[in-house]
Amino acid sequence: MRGCDCHMHLFGPAARYPYAEGRHYTPPDATLPDYLAMRARLGLGRTVFVQPSVYGYDHRLMLDALAAGGDGFRGVAVLPVEVSEAELMRLHGAGVRGVRVNLVQRGGPGPAALAPLAARIAHLGWHVQVYPGTGALVDLAPLLRALPVAVVIDHYGSPGMGAGTADAA
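Residues numbered from 1 in each chain as written. Predicted model: local features only at pLDDT ≥ 70, side-chain atom pairs only at ≥ 80, totals over all residues. Heavy atoms only, no water.

Trainee: Pulling in residues and values, what's your account of the sheet that holds strand 1 (residues 3–8)?
Mentor: One open sheet accounts for six strands, arranged 1-2-3-4-5-6; its pairing is parallel. Strands with a single pairing partner mark the edges of an open sheet, and in this sheet they are strand 1 and strand 6 (151–153). On average, adjacent strands in this sheet sit at an angle of 25° to one another, irrespective of strand direction. As judged from the four bridges shared by strand 1 and strand 2 (residues 44–50), these two strands associate in the parallel manner. Across the sheet, residue Cys4 finds its bridge partner in strand 2, namely Arg46. Against the sheet, helix 2 (residues 60–69) contacts strand 2, strand 3 (73–77) and strand 4 (96–102), and its axis sits at roughly 165° relative to strand 3. (Pairing = 2+ DSSP bridges. Helix = DSSP H or I, 4+ residues; strand = E, 2+ residues; numbered from the N terminus. Axes fitted to C-alpha atoms, helices over the stretch in contact; angles between N-to-C directions. Contact = heavy atoms within 4.5 Å.)

Trainee: Before we move on, could you go through the pattern of salt bridges and cite the residues and values that matter?
Mentor: For the structure on display, the rule yields four salt bridges. Asp64 is the partner of Arg16 in a salt bridge, and the nearest nitrogen-oxygen pair spans 3.6 Å. Note that Arg16 is positioned in the loop between strand 1 and helix 1 (32–42) and Asp64 in helix 2, a separation of 48 residues in sequence. Between Glu87 and Arg90 there is a salt bridge whose closest N-O contact spans 2.8 Å. (Salt bridge = Lys/Arg side-chain N within 4 Å of Asp/Glu carboxyl O.)

Printed below as a string of structure tokens:
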């Protein structure tokens, strides 16, 4: 049981964990009990829950999952740049070890949030997880290299598939 699911989203039930207004999609339920059954079947020993955009900054579902899972679970939060130090410490105590910046979502924080968020979390040893959007990784590379924390590239960096391996991204 050494395998690790390094990017997992949970959804619902919506009656208990309501979705954010203005979200871009509404997923079907993918609950913790469903996930735990699959995790056991696959023999996974560790899981990283990544906050999906449909919940915005409401981390209740992820925090409940982290509490249920103990040491084998970690989380990646979605946070505003102005997140308080108290909130960072609360999330750290719950098992969060990274912050996700979704550059694909319309109305999201944008690349300007990367450096300030990285500076805010560096003392915790967290990483920045960036969902760059199709082709954006090449332009973001200098900024990402300069961050004072480890960087995780979400969704394979979202390369444009049409150009194949000739594409710079």
